[in-house]
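Each chain, written out:
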Amino acid sequence: MLAGAVLVGFGLALVAPWCIRYAGSHWGPRVLAVYPLAVVFLLLAATRWFPATVQTAFPWAPRFGLVWSVLVDGWSVLFALLIAGMGVLVALYAGAYLRHHRFLGRFYMYLTGFTAAMLGVVLASNLLLLFVCWELTSIFSYLLIGFEHEDAKSRKSALQALLTTGVGGLALLVACILLRSAFGTWEIGEIVQGEARWSSAAVELATVLLLLGAAFTKSAQFPFHYWLPAAMAAPTPVSAYLHSATMVKAGVFLLARFHPVFSEHWLWQPALLAFGGTTMLAGALLALPQRDLKLLLAYSTVSALGTLVFLLGIGTEEAAAACVVFLVAHALYKGGLFFFAGIVDHETGTRDVEKLGGLARHWPLLATCAVALALSMGGVIPLFGFIAKELAYEAALHGVAPLGLALLVLCSALQVAVAGYVVVRPLFFRPAERVEVHHAPATELSCGPLVAALASVACSLWPGETLVRLLRSAAAGVYAGPVALELSLWHGWNPTVGLSVLTVVLGALVFVLRPLWCGIAASAGRLARIGPAALYDAAMYALLRLAEWQTRRLQTGKLRQYQAMVLASAVLVLLFATSIVAPPRTHWDWGMFYPTEIAVIVAMLAGMAITILTVSRLTAIAGLGITGYGVGILFLLFGAPDLAMTQFAIETLTVILFVLVLYRLPRFESRSSVRTRIRDALLASAVGGGIAFVVLVLLAQPTASRLAPFFLAQSEPAAHGRNVVNVILVDFRSLDTLGEITVLGLAAIGVGTLMAVRGRWQ
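Rules behind the numbers
- Residues numbered from 1 in each chain as written.
- Predicted model: local features only at pLDDT ≥ 70, side-chain atom pairs only at ≥ 80, totals over all residues.
- Heavy atoms only, no water.
- Helix = DSSP H or I, 4+ residues; strand = E, 2+ residues; numbered from the N terminus.
- Rg over C-alpha atoms; globule rule 2.2 N^0.38 Å.
- Buried < 20%, exposed > 50% of the residue type's maximum accessible area, 1.4 Å probe, protein only.
- Contact = heavy atoms within 4.5 Å.
- Patch = residues over 30% accessible without salt bridge, like charges linked within 9 Å, V, L, I, M, F, W, Y side chains within 5 Å.
- Areas by Shrake-Rupley, 256 points an atom, 1.4 Å probe, with all protein chains shown as cover.
- Salt bridge = Lys/Arg side-chain N within 4 Å of Asp/Glu carboxyl O.
- Axes fitted to C-alpha atoms, helices over the stretch in contact; angles between N-to-C directions.
- Parallel < 35°, antiparallel > 145°, perpendicular 65-115°, else oblique.
- Left-handed = near helix turned anticlockwise from the far one by under 90°.
- Nonpolar A, V, L, I, M, F, W, Y, C, P; charged D, E, K, R; others polar.
- Polar contact = N/O pair within 3.5 Å; in protein donor to acceptor, adjacent residues only side chain to side chain.
- Core = buried A, V, L, I, M, F, W, Y, C linked by side-chain atoms within 4.5 Å.
- Phe/Tyr/Trp six-rings, centres within 6.5 Å; stacked < 30°, edge-to-face > 60°.
- Lys NZ or Arg CZ within 6 Å of the ring centre and 35° of its normal.
- Expected span 1.5 Å × (residues − 1).
- Disulfide = S-S within 2.5 Å.

Peer 1: Would you mind showing me how to read the overall build of the protein chain here?
Peer 2: Regarding its fold elements, the protein chain presents 31 helices and two strands. For 762 residues, the compact-globule estimate of 2.2 N^0.38 gives 27 Å, and the C-alpha radius of gyration of the protein chain, at 34 Å, exceeds that figure by more than 25%. By its C-alpha atoms, the protein chain is 105 × 60 × 55 Å across when sized along the principal axes. Taken over 762 residues, the protein chain has a buried fraction of 46%. Of all intrachain contacts in the protein chain linking residues separated by at least 6 positions in sequence, the fraction that spans at least 24 positions is 76%.

Quick look at the structure:
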C-alpha cells in the first residue's frame, strides 16, 4: 500500500491546480492536505515496521532492474511520518499564507509532487528508484524555491540549489552503479545485509566518496552549505518544509541507510566527524550576526545538520539513538519556528529582528508556542530538545575525544543564543520603532506552530510506547543492531546534566553579547569573498565566459567547419577507445582476394582519386560513377545480385541527376587554401581508415544475433518470401522502409518546389 501511496501523490500533483481552481483557495488546500494526512494514518494504523519488509508494487523497467518497491523498516517509517506529518501542516499553512497568490494551484502541484518524491526517497527499496526520486526532489525544490520566478534573487537561489544538489545526484547515480556491481543487486535491503565483492580497494573508496558527496551536497554540509541560506528566497511554507524535515535531511537519511555497509571503512567515520563537526560550528557561527529571522533559522539548520552527521560519525549505539531522537526534535522545533517567522513576516511586513519587538502582547498564544519551540531548540527541560541534547552529550562523552565533546557543547550553546534571537527579541524586547501589526494570524497559520509545540511537549512528557518502539527500531536500522533507547527527562545528577546547564549559561552569555558578534561579522566581511558561496559565483562566472568563448569559436555558422568538428570528434573518440581497449588480434590473409576482386578495388580507388584531384565537375561525376559501379560489381561477385542491381540503379540515377544539376552550378573554382585541403585530406583519411578498422574488427568477431535465425526461419512461412533481404525490407521493417520512402518523397517535393519557385522568380 505504501508503494501505491507514493504513486498516488504524483497523480494528485497533476490535478492539484484543478482542485484549487474548482474547490477555491480556502477549501482546495484543505482537500490536498488529506493526502499527507492519509499517509500518516496509513503508516500508524496499517504498517508494521518490524521486522523490515519489502513491498513490491510492479516492475517498472525490468530490463534495467528498476522495480517500484518500498523498504518498510523503522528508519524509513520514521522519515515518512515526519514528511507526511509536516506535509499536512505546510499544506494548511500555505493555504492561508499564499491565499491570494495567482499561482496557488501551481504551488500545490509542486508541493504535492515534492511530498511524493520525498516519500519515494525514504521508502525506496530499489537503488534506481531511490535515484529517480532523489532527482525529483531536486527538480521540485528548484520549482518551489524559484516559485516567485519574477524575482531575480529567487531564480538565482533556485538555480544554485539545483546545480549543487544536481551534482550530488550524479555522484549518487555512479555510486548506485558501483554498489550494483559489488553486491549484484539493486535492492537496498539485500545490500545492507549482503557481502560485497569489490573489484579493488579503489572502487570501494570511490563508492564511499561518491556517497559522501551526494549526501553532503543534499544536506548542505560544509563547503556545500551556501545553497541552503540562499534558498530562503522561497516562500516561508517552502522553507519550513524543505529545511525542517524533508529535503535537507535526505542526505542524512542516505548516510544512515548505508552506515551499516561502510561503517568499517577507514574513511567513513572520520569523514563524517570532520565534515559534520565543521558544518556544526560554521553554521552556528554564521547564524550569530544575522538579522533576518529566516536566515537565523537557516544557518542554525546548517548547524543542526552538521550535528546529525557528527553523531553518525561517532558510530556507537548511543550515537545512533541520539541521532534519531535529535532528528525528530529538530524537525518539530525548526518547522514550528519557520512557521512563526512566516507569521511575523506576513503580519508585520518585516523579518528584521533589530526592528521587531513587543509582539507577545499581540499574540499571546503564538508567543507561548514560539517560546516552547525556542526552549526545545535550546535544549531546555522539559522540551523534547532537552532529551535529544542529553542523548547527544551522552554519546559524545563515551564516543569521541574531549575536543569533540567540547565542540558539541559550544555549538549547542550557540544554538541557545540563536533561539533567543529568533524568539526573545521579536516577542519581548522593546522595538526601536513602532511595529505595525496588520491583523491577527489566521487559524491555519497558527495551527503549525501550535501543533509543533504541543508535539515537542508531548514527546518529552508522554512519549508513549509506540514512539519509543519506532525510535528504537529506527536507531537499530542505523546501527545495524539492537539499540537500548529510553526517553526520560531525568536520569539523576550526572555529567550530561552539568553540560546542559553549562550550555544554557554559555548560550545566555552569547545572547547578550550580540553587538560584539555583529561587529566581528562586519569586520570580517571581506572573508566572504573567498568563501564557498563566492567560489560558486566565480565558478558560474567562469562557466558563462567559457560558454561565450566556445560559442564564438565553434558556432561560426559555417557548415564545413561543423562537419570538420564532428568528424574530428569521431576520430578522437575512436582513438580514445582503442587506447583503453585493446583491439582483438585478427589474421590478415591477402590470399583470400581473387584477381578480379583486386582489379575492381583498384578501379574504385582510381575513381576516388579522379574525383578528388580533378578540376572538372563532369570528370568528378565520372569518378564517382566508377566507384559506385565498383561497389555494385563487388555485390555481384559476392553472390548478391539483387543488391548489385539496386546499386547499379542508384548509381545511374545519381549520375543522371548530377549531370542535370551540373549546368545550374556556378563555374568551378577552388576557394580553400592548400593548408586547408591538406587538413581536410588528413581528416578524411583518418575517418575513412577508422571506420574501415572498426568494420574489420567487428566482422572478425561477429556477435551472436537472435534476429538472423528468426528472419531465416520466418521469411517464407510468415511473409511468403524466399528472398530474406526483400522480406526484411518490405515486411519485417515495413514501417521503417515506409518512413525512409516518405522522407525521400518529401525531400524530392521540397527540391522540386524550390526549383519551381526559383524558375518563376527568374
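Peer 1: Mind showing me how you'd approach a nonpolar patch on the surface here?
Peer 2: A grouping of Leu502, Leu506, Leu509, Val512, Leu513, Leu516 and Ile520 is seen on the molecular surface, where their side chains present a nonpolar patch of about 570 Å² in accessible area. The dominant element in the nonpolar patch, judged by the number of residues it contributes, is helix 21 (residues 495-512), at four residues. Accessibility expressed as a relative area gives 44% for Ile520, which makes it partly exposed.

Peer 1: Could you clarify how one ought to interpret the packing of helix 14 (residues 293-314) against helix 18 (residues 402-428) in this entry?
Peer 2: Between two packed helices, both the angle of their axes relative to each other and the distance between the axes serve to describe the pair. Relative orientation of the contacting elements helix 14 and helix 18 amounts to 155 degrees, with a least axis distance of 10 Å. Relative to helix 18, helix 14 is oriented roughly antiparallel. In the crossing of helix 14 with helix 18, the sense of the turn from one axis to the other is left-handed. Along the contact surface, helix 14 presents Leu293, Leu296, Leu297, Ser300, Ser303, Ala304, Thr307 and Phe310, while helix 18 presents Gly404, Leu408, Cys411, Gln415, Val418, Tyr421, Val422 and Pro426. Of the residues in the contact of helix 14 with helix 18, the class split is 11 nonpolar, five polar and no charged.

Peer 1: Please explain the side chain of Arg99 as it appears in this structure.
Peer 2: Of note, Arg99 is situated in the loop between helix 3 (74-97) and helix 4 (104-123). Looking at Arg99, its side chain comes within polar contact range of the side chain of His26, at 3.4 Å. A polar atom in the side chain of Arg99 sits 3.3 Å from the backbone oxygen of Gly95. Those residues within four positions of Arg99 in sequence are excluded, and the remaining contacts are Ser25, His26, Ala94, Leu104 and Glu444.

Peer 1: What's the story with the nonpolar core in this structure? I'm lost.
Peer 2: Taken as a class, soluble globular proteins show a tendency for nonpolar side chains to be buried jointly. In terms of nonpolar packing, the biggest core is built from 204 residues, with Tyr108 and Leu471 touching the most fellow members. Top element by residues in this core is helix 15 (residues 317-348). It accounts for 21 residues. If we ignore the near neighbours within four places in the chain, the residues touching Tyr108 are Ala16, Ile20, Pro29, Leu32, Ala91, Ala94 and Gly95.

Peer 1: What exactly am I supposed to notice about the environment of Ser579 here?
Peer 2: With respect to the secondary-structure elements, Ser579 resides in helix 24 (residues 559-580). Sequence-wise, Ser579 and Gln555 are 24 residues apart; in three dimensions their C-alpha atoms are separated by 30 Å.

Peer 1: Just to check I follow, could you spell out the packing of aromatic side chains for this structure?
Peer 2: Aromatic ring pairs: the centre-centre distance and the angle between the two ring planes describe each pair. Counted by the stated rule, this structure contains 20 aromatic pairs. Ring geometry for Tyr93 against Tyr97: centres 5.8 Å apart, planes inclined by 15 degrees, an arrangement best described as stacked. Residue Tyr93 and its partner Tyr97 are located together in helix 3, separated by four residues, close to a single helical turn. For the pair shown, Tyr93 and Tyr97 are each scored as buried. Members of the aromatic cluster, joined through ring pairs, are Phe183, Trp198, Phe262 and Trp268. Directly above the aromatic system of Tyr421 lies the positively charged group of Arg514, at a separation of 4.7 Å from the ring centroid.

Peer 1: How should helix 19 (residues 443-461) be read in this particular structure?
Peer 2: Owing to its 3.6 residues per turn, the α-helix brings residues three or four apart onto one side. Here helix 19 is 19 residues long and its end C-alpha atoms lie 26 Å apart, about the 27 Å a rise of 1.5 Å per residue gives. Glu444, Leu445, Gly448, Pro449, Ala452, Ala453, Ser456, Cys459 and Ser460 are the residues of helix 19 that are buried. Where helix 19 is buried, its residues touch helix 1 (2-32), helix 3, helix 15, helix 16 (364-378), helix 17 (384-399) and helix 20 (464-479).

Peer 1: Help me understand the packing of helix 18 against helix 21 in this model?
Peer 2: Between helix 18 and helix 21, whose axes approach to 7 Å, the crossing angle comes to 50 degrees. The orientation of helix 18 relative to helix 21 falls into the category oblique. Crossing geometry of helix 18 relative to helix 21 is assigned as right-handed. Residues Leu405, Val409, Ser412, Ala413, Leu414, Val416, Ala417, Gly420, Tyr421, Val424 and Arg425 of helix 18 form the contact with helix 21, whose own contacting residues are Leu499, Leu502, Thr503, Val504, Leu506, Gly507, Ala508, Val510 and Phe511. Its residues placed into classes, the contact of helix 18 with helix 21 shows 15 nonpolar, four polar and one charged.

Peer 1: How should the environment of Ala161 be read in this particular structure?
Peer 2: Checked against the element boundaries, Ala161 lands in helix 6 (residues 152-183). Between the alpha carbons of Ala161 and Ser219 there is a distance of 11 Å; along the sequence they are 58 residues apart. If we skip the residues at most four places from it in the chain, Ala161 touches Ile145, Gly166 and Trp227.

Peer 1: What's the story with helix 16 in this structure? I'm lost.
Peer 2: For helix 16, which comprises 15 residues, the first-to-last C-alpha distance of 21 Å matches the rise-based estimate of 21 Å (1.5 Å per residue) to within 8%. For helix 16, the set of buried residues is Leu366, Ala367, Cys369, Ala370, Ala372, Leu373, Ala374, Ser376, Met377 and Gly378. The secondary structure elements touched by the buried residues of helix 16 are helix 14, helix 15, helix 17, helix 18 and helix 19. Backbone geometry just after helix 16 places Gly379 at a positive phi near 75 degrees.

Peer 1: Would you mind showing me how to read unusual backbone geometry here?
Peer 2: Note: most peptide bonds trans; most residues except glycine with negative phi. With an omega of 10 degrees, the peptide bond running from Phe222 to Pro223 counts as cis. Checked against the element boundaries, Pro223 lands in the loop between helix 8 (201-218) and helix 9 (227-230). Following Ile381, the chain continues to Pro382 via a peptide bond in cis, the omega torsion being 15 degrees. Of note, Pro382 is situated in the loop between helix 16 and helix 17. Its identity as a non-glycine residue notwithstanding, Ala220 has a phi of 55 degrees, on the positive side.

Peer 1: Can you help me understand the environment of Gly379 in this one?
Peer 2: Along the chain, the position of Gly379 falls in the loop between helix 16 and helix 17. With sequence-adjacent residues up to four places away left out, Gly379 is seen in contact with Gly385, Phe386 and Lys389.

Peer 1: I'm lost on the pattern of salt bridges in this one. Help?
Peer 2: Where charged atoms from two side chains of opposite charge come close, those side chains can pair. Enumeration according to the criterion identifies 17 salt bridges in this entry. Through salt bridges with shared partners, a single ionic network connects Arg30, Arg99 and Glu444.

Peer 1: Sorry if this is basic, but what is going on with the state of the cysteines here?
Peer 2: Put plainly, two cysteines are in a disulfide when a covalent bond ties their sulfur atoms together. Evaluated as defined, the whole model comprises zero disulfides. The thiol sulfur of Cys133 is not disulfide-bonded, and the nearest other cysteine sulfur, from Cys176, lies at 12 Å. For Cys323, which is in no disulfide, the shortest distance to another cysteine sulfur is to Cys411 and amounts to 16 Å. Judged by its relative accessible area of 1%, Cys323 falls in the buried class.

Any functional reading would require information beyond the geometric quantities listed.
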